[in-house]
Protein chains: 2
Amino acid sequence: MSRLLNTTPAADGFRMPGEFEPHAGTWLLWPERPDNWRLGAKPAQRAFTAVATAISQSEPVTVGVSHRQYQHARAVLPAEVRVVEIANNDSWIRDCGPTFVVNDQGEVRAVDWEFNAWGGLDGGLYFPWDKDDLVASKVSEIERVDRYRAPFVLEGGSIHTDGEGTLITTEECLLNPNRNPTLARGDIEELLSRYLNVEKIIWLDRGVFHDETSGHVDNICCFIKPGVVALTWTEDRADPQYDISSDAFERLSRVRDARGRALEIHKIHQPDPVLISEEESEGVDVVEGTLPRRAGDRLAASYVNFYIGNSVIAMPCFGDRHDELAAAALGRLFPERRVVSVPAREILLGGGNIHCITQQQPLALHRMPAR
Amino acid sequence: MSRLLNTTPAADGFRMPGEFEPHAGTWLLWPERPDNWRLGAKPAQRAFTAVATAISQSEPVTVGVSHRQYQHARAVLPAEVRVVEIANNDSWIRDCGPTFVVNDQGEVRAVDWEFNAWGGLDGGLYFPWDKDDLVASKVSEIERVDRYRAPFVLEGGSIHTDGEGTLITTEECLLNPNRNPTLARGDIEELLSRYLNVEKIIWLDRGVFHDETSGHVDNICCFIKPGVVALTWTEDRADPQYDISSDAFERLSRVRDARGRALEIHKIHQPDPVLISEEESEGVDVVEGTLPRRAGDRLAASYVNFYIGNSVIAMPCFGDRHDELAAAALGRLFPERRVVSVPAREILLGGGNIHCITQQQPLALHRMPAR
C-alpha cells in the first residue's frame, strides 16, 4: 500500500518542509542493543520514554520496537504513544527512517535513502545494518504513503531544510568517501535538489568535534525558521569546537539563502565537555565491528540537537551550567512553543541526541481516501 | 495509542457486527513456519497471496509478517496490499487476532481474547504461542483502536454472529476443557454476552470431522445474513461428517434467533475427502510439540470456510467435482457480491482455510480525531 515511485519529488512537485511546519506526528525507534547502550539499554529506554512523553504533549508519537522488546516498551511508554513492531539494528530513526516530503495539495510522500550505518565497512558504526535500511519502507507501509527510493547513501540527520528551497549540510559527512565514493559535490547537489526540491545548498565544513556520524549538521546547526539558524558555540579558544563553530559562523554569515536572504545566526553555547565514565563504559557489551564506548572519550554534546514539535521544543540537557541558558535561548527563538528540557546523557552515550532519535511526519492536508 | 479498557463491550454499547456488514479492511498473517507449512511455506505463501489478491479487489488488505519474511512478502504481494511487521507463531489471525466490535456511533474497538494455540499444553497445536497472543494488541496499536482484554480463552473462528444478537458456536470447542476448564456453559454464555453483546447462543454439537481446532464453527456453519445460515453437508451416510451435519441441521431447524426468527438453512455439499499425500507430508519439518502432518490423514475440507468481503466472496476450492456447485450456491446466496474461487489445498494442509486466515475490520463511521 506504499507504491514505490520511479520519479523524483522535485519532478512531482514535492518538497521537504521545515521541521517547524505542522506535523501529523513523530516517530522513534526503541533502543535495545547491549553493545551500544549500557546496562541492557535500560537507562537509555528511560531517556527515550521521557522524550516520547515530552513530544506526545505536542503531537501523536509512534515508537517502533523489535518483537523482543515489544511488551516492555508498551508497558513503560505512556498510553497515548502508539507502539508498532519494527525490527531495527539500532534506534536512530532520523538517519535510517524516511524523510517526508509534501506538495501544495497537502499530500505526503516518503524519501527512502540508502543507509550504510554511517560509513559501511569503511568506518561505519556497526554491522550489519540491513534492518535499519528497511525502516523507511515499513513506516511508509504503516502510514500508506508512497515512497521514493533515492539512489544514494544519506542520513536524515545530515541535512536541514528551511522548506523554502535552502538546505544546510556538512562537507565532512556528505563528501565523505565512505558514503558515496563515486559522487562529486556537484552530483550530490543535483541529487539533493531532485529528492528534496531545494535550490540552494549551504555547505558547512565540519560538524561537532568527535561526532561519530562524520559531522551531521543536526548536531551543530539548524533552522529556527526560514532565514534564521541556531549554531552550537563555545567561547573557549582551546576547545577544538571553537575553530569548527567559528568557521561555520563565517560561512553562514557570508551566504544568502534560496530567497536571497542573509541568515540571522543565534549562537547556543555548548555544555562543558562530556566524557564517558569508567562505569558507563563497563556497562556496554564489547562486540567487534561495533564502535567501542571507551572511558574518557569525549561525546558530541550540543543543545542544537533538539526536536521542534508542533507546540513543544524537546531540548537535551546534561546537568550542565549552560542548560538554563540554552533553554532560555530556545524559549526566545520559539515564543509560541514550550521548551521541555529532557535529561539526555544516556542518549548521548549511544552516539546522538534527541533530534537523532526522532523523525517528524508532516501533516497531510488531504489524505488519500481509503478504498 | 490503544487504550486498554476495564469495562466490557456490552456495558459500553458495542456489539460484534456480522461479517457481511461493511468493512474498513481485512487482516492476514504471512505463513512461515516449516514445521506446519510444507517446503518452507512457499506453496502456502502463494495461496495466501491469491487470497489477499482476491480480497484486495473488495477492500484494503493488510498482511502482518515477521521481520524474517518481510522483504519476500512485500515483493510477492500485490502493491495495493499493505504489509506491516507482526511477529507471530503461525498465520491464523481469525483465531489469534482481534475481534472488532462497533457501536451505534460507528466507533470501532477490539476484543483481545486469551489465546492458547487451540488447547494449550493439553492438545494444543504448537508450543509456544506467546507471539500469537500479542497479535490482537499489535493490530489495535497500528489502527489506534481501544481494546478489551477478555479474561478467557477464545478463538475468533469458534464463533459467528449475525450482528443482531445471535451467536453460533460448537460445544466441542467452547466446552472443551483445554480452553477454559473452570468455566461452565452458563459462564461461557455470560462472557460471550458481555464481550460480544449477544443475547442468544446457538450451540451446535461438533465441527467438521477431524478438524484440529476442536470443531470451530467457521468450518461447518456461518451466517449469510441475519436469519440465514450455510451448513457444510454430505449425502454420503458412510462419511463421519454425515451424522455431524445432520445433528447440526436438526439443531438449527429447531432454534429461534435473538429476534425470534426461524433460520433458513442452506446446505453446501462438502468436497470429497481430502487426504495428505506422502509428498506433502515429507515437505513438513518434524518438530516435537507441533501437530504432525502424516500421509493419509484426512483434512477438514469445507466450502463454508469462505470470507465475506465488501464486494467479493473469497471461497476455497479444491479441484473437486463439488467446487462449481459450491460457487454457484454462494453466488445465489450473495447476489450483490462476486464469488472468487481460490485454490486452497495448500492452506488446508496447514490446518484451516480462507476464513481462518482472515479477520475483518468493520468500517468506522466516525474515526477518533487525530490529536
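A few points on the structure. (Residues numbered from 1 in each chain as written. Chains lettered and ligands numbered in written order. Predicted model: local features only at pLDDT ≥ 70, side-chain atom pairs only at ≥ 80, totals over all residues. Heavy atoms only, no water.)

Before going further, it helps to spend a moment on the overall build of chain A. The helix and strand inventory of chain A stands at 11 helices and 19 strands. Relative to the 2.2 N^0.38 estimate, which gives 21 Å for 371 residues, the radius of gyration of chain A is 19 Å and therefore close to what a compact globule would have. With respect to the principal axes defined by its C-alpha atoms, chain A has extents near 55 × 50 × 45 Å. Residues counted as buried form 64% of the 371 residues belonging to chain A. Of the contacts formed within chain A by residues at least 6 apart in sequence, a portion of 75% connects residues at least 24 apart. Per element, the accessible surface of chain A, about 13700 Å² overall, is 49% carbon and sulfur. (Helix = DSSP H or I, 4+ residues; strand = E, 2+ residues; numbered from the N terminus. Rg over C-alpha atoms; globule rule 2.2 N^0.38 Å. Buried < 20%, exposed > 50% of the residue type's maximum accessible area, 1.4 Å probe, protein only. Contact = heavy atoms within 4.5 Å. Areas by Shrake-Rupley, 256 points an atom, 1.4 Å probe, with all protein chains shown as cover.)

Turning next to the pairing of strand β9 (residues 166–170) of chain A. Residues and elements named next belong to chain A. Among the five residues of β9, five are classified as buried, and the element is accordingly described as predominantly covered. Both faces of β9 are covered, namely the face carrying Thr-166, Ile-168 and Thr-170 and the face carrying Leu-167 and Thr-169. In the sheet, strand β8 (residues 160–161) pairs with β9 via two bridges, with the strands oriented antiparallel. Looking across to β9, one finds that Thr-161 is bridged to Leu-167. If you look at the hairpin formed by β8 and β9, you'll find four residues sitting between the two strands, and Gly-163 has a positive phi there, around 75°. Both β9 and strand β10 (residues 200–204) contribute to a ladder of five bridges, which runs parallel. Across the sheet, Ile-168 pairs through a bridge with Ile-202, a residue of β10. (Pairing = 2+ DSSP bridges.)

The next subject is the sheet that holds strand β2 (residues 23–29) of chain B. Residues and elements named next belong to chain B. Pairing within the open sheet is mixed, and its four strands lie in the order β4-β3-β2-β19. Edge positions in the open sheet fall to β4 (82–85) and β19 (359–362), since each of these has one partner strand only. The average undirected angle you get between the axes of adjacent strands in this sheet is 25°. As paired strands, strand β3 (residues 61–65) and β4 are joined by four bridges and run parallel to one another. In the strand pairing of β4, Val-65 is matched with Glu-85. In the packing of helix α2 (residues 42–56) onto the sheet, contacts are made with β2 and β3, and the angle to β2 comes to roughly 175°. (Axes fitted to C-alpha atoms, helices over the stretch in contact; angles between N-to-C directions.)

Per the stated rule, a full pass over the model turns up 15 cavities of 30 Å³ or more. In this structure, the largest cavity encloses a volume near 120 Å³. As for the largest cavity, its lining consists of 16 residues, and the residues nearest its centre are Trp-92, Trp-118, Leu-125, Glu-212 and Gly-350 of chain A. Here the lining of the largest cavity is composed, by residue class, of six nonpolar, six polar and four charged. Approximately 100 Å³ is the volume attributed to the second largest cavity. If you go around the second largest cavity, you meet 15 residues; those closest to its centre are Trp-92, Trp-118, Leu-125, Glu-212 and Gly-350 of chain B. Broken down by class, the residue content of the lining of the second largest cavity amounts to six nonpolar, five polar and four charged. (1 Å grid on protein atoms, 1.4 Å probe; cavity = no way out; pocket = protein on both sides within 12 Å on 5 of 7 lines; lining within 4 Å. Points joined across faces, edges and corners; volume = space filled by probe spheres on them. Nonpolar A, V, L, I, M, F, W, Y, C, P; charged D, E, K, R; others polar.)

With that out of the way, let us pick up the sheet that holds β8 of chain A. Residue and element names in this part refer to chain A. What the three strands build is an open sheet, ordered β8-β9-β10; its pairing is mixed. Single-partner strands in this sheet number two, and they are β8 and β10. Together, β9 and β10 form the strand contacts of helix α7 (residues 185–196), whose direction differs from that of β10 by roughly 130°. Of the strands in this sheet, β9 and β10 touch helix α8 (residues 240–254), which is tilted by about 155° from β10.

Turning our eyes to something else, we now look at the relation of the copies chain B and chain A. With an RMSD of 0.0 Å, the operation that places chain B on chain A is a rotation of 180° combined with a shift of 0.0 Å along the axis. The two molecules are tied by a two-fold rotation axis, judged by turn and shift. Using C-alpha coordinates, one finds that chain B approaches the rotation axis most closely at Glu-85 of chain B, a distance of 2.9 Å. Of all interface residues in chain B, 100% are interface residues in chain A too; the two copies therefore contact each other through one and the same surface. (Least-squares fit on C-alpha atoms with pLDDT ≥ 70 in both.)

Residues and elements named next belong to chain A. Overall, the coordinates contain 56 salt bridges over all chains when judged by the stated rule. Residue Glu-32 is joined to Arg-68 by a salt bridge in which the shortest nitrogen-to-oxygen separation is 2.6 Å. In this pair, Glu-32 sits in the loop between β2 (23–29) and α2 (42–56) while Arg-68 sits in the loop between β3 (61–65) and α3 (70–76), placing the two residues 36 residues apart along the sequence. Judged by relative accessible area, Glu-32 falls into the buried class, the value being 16%. (Salt bridge = Lys/Arg side-chain N within 4 Å of Asp/Glu carboxyl O.)

Residues and elements named next belong to chain A. With respect to the helices, strands and loops of the structure, Asn-176 is situated in the loop between α6 (171–174) and α7. On the accessibility criterion, Asn-176 (17% relative accessible area) is buried. At 2.9 Å, the side chain of Asn-176 forms a polar contact with the backbone nitrogen of Asn-178. Excluding anything up to four places from it in sequence, Asn-176 contacts Glu-171 and Ser-214. (Polar contact = N/O pair within 3.5 Å; in protein donor to acceptor, adjacent residues only side chain to side chain.)

A ring pair, where both rings are aromatic, is described by two values, the distance of the centres and the angle of the planes. The full count for this structure, using the stated rule, is 24 aromatic pairs over all chains. When the centroid spacing of 5.5 Å and the interplanar angle of 90° are considered together, the rings of Trp-37 of chain B and Phe-48 of chain B count as edge-to-face. Placement of Trp-37 of chain B in the loop between β2 and α2 and of Phe-48 of chain B in helix α2 is noted, with a sequence separation of 11 residues between them. Exposure class is identical for Trp-37 of chain B and Phe-48 of chain B. Each is buried. Here a set of aromatic residues connected by ring pairs shows up, and it is made of Trp-37, Phe-48 and Trp-92 of chain A. (Phe/Tyr/Trp six-rings, centres within 6.5 Å; stacked < 30°, edge-to-face > 60°.)

On to the environment of Pro-22 of chain B. For Pro-22 of chain B, the position within the fold is in the loop between α1 (9–12) and β2. Sequence-distant contacts of Pro-22 of chain B, defined by excluding residues within four places in its chain, comprise Asn-310, Pro-362 and Leu-363 of chain B.

Excluding glycine, residues mostly have negative phi values, and the peptide bonds linking residues are mostly trans. Note that the residue after Phe-127 of chain A, namely Pro-128 of chain A, is joined by a cis bond; omega there is -5°. Of note in this structure, His-210 of chain A is not a glycine but carries a positive phi near 65°. Along the chain, the position of His-210 of chain A falls in the loop between β10 and β11 (221–225). Judged by its relative accessible area of 43%, His-210 of chain A is partly exposed. Even without a glycine there, the phi angle at Leu-39 of chain B is positive, about 55°. Here Leu-39 of chain B lies in the loop between β2 and α2.

Further remarks concern the interface of chain B and chain A. Listed by partner, the interface residues are 27 residues for chain B and 27 residues for chain A. Around 2500 Å² of area is buried between chain B and chain A when both sides are counted, 52% of it from carbon and sulfur atoms. Counting the contacts that link chain B with chain A gives four salt bridges. We note a salt bridge from Glu-141 of chain A to Arg-74 of chain B, for which the minimum N-O separation is 2.8 Å. For the pair chain B and chain A, the interface holds 14 residue pairs in polar contact (both at pLDDT 80 or more). (Buried area = accessible area lost by both parts, 1.4 Å probe.)

Moving on to the nonpolar core. Among the nonpolar cores identified, the biggest contains 189 residues, and Leu-252 of chain A together with Leu-252 of chain B are the most heavily contacted of them. When neighbours within four sequence positions are excluded, Leu-252 of chain A is seen to be in contact with Ile-168, Ile-202, Leu-204, Cys-221, Val-229, Leu-231, Leu-263 and Ile-265 of chain A. (Core = buried A, V, L, I, M, F, W, Y, C linked by side-chain atoms within 4.5 Å.)

Residue and element names in this part refer to chain A. Judged by how many residues are buried, helix α5 (residues 135–143) sits mostly within the fold: nine of nine residues are covered. Along α5, the residues classified as buried are Val-135, Ala-136, Ser-137, Lys-138, Val-139, Ser-140, Glu-141, Ile-142 and Glu-143. Positive backbone phi, approximately 55°, marks Arg-144, located one or two places after α5.

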